[in-house]
Amino acid sequence: MKRLIEFLRNEEGATAPEYGLIVALVAVFIIGAVTALGGSVSAAFQAIADAIGVITPGTPPPAG
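Since the structure is predicted, the reported quantities are computational estimates derived from the model, not experimental observations. (Residues numbered from 1 in each chain as written. Predicted model: local features only at pLDDT ≥ 70, side-chain atom pairs only at ≥ 80, totals over all residues. Heavy atoms only, no water.)

What follows covers the overall build of the chain. In terms of regular secondary structure, the chain is built from 2 helices and 0 strands. Looking at the chain as a whole, 2% of its 64 residues are labelled buried. A total accessible area of about 5900 Å² is found for the chain, and carbon and sulfur atoms account for 72% of it. (Helix = DSSP H or I, 4+ residues; strand = E, 2+ residues; numbered from the N terminus. Buried < 20%, exposed > 50% of the residue type's maximum accessible area, 1.4 Å probe, protein only. Areas by Shrake-Rupley, 256 points an atom, 1.4 Å probe, with all protein chains shown as cover.)

Structure representation (structure tokens):
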């Protein structure tokens, strides 16, 4: 029991696993945000590309 208490109180050497968990959580958050916003961002870029195509001389208008 005494060894378990000493182990829990020991604060040395725990930085690498903690940083690993932080990086993993940030990665999960970024993947979730990209997945959730991917469609709307893609639609916005397509609208911009269509508008540029319309105002650029010599290019056909967008289909649709």
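From this point, the discussion proceeds with the structure in view.
On the surface, Tyr19, Ile22, Val26, Phe29, Ile30 and Val34 cluster together to form a nonpolar patch covering roughly 650 Å² of accessible area. With respect to the helices and strands, Val34 occurs in helix α2 (residues 15-55). Judged by its relative accessible area of 54%, Val34 falls in the exposed class. (Patch = residues over 30% accessible without salt bridge, like charges linked within 9 Å, V, L, I, M, F, W, Y side chains within 5 Å. Salt bridge = Lys/Arg side-chain N within 4 Å of Asp/Glu carboxyl O.)

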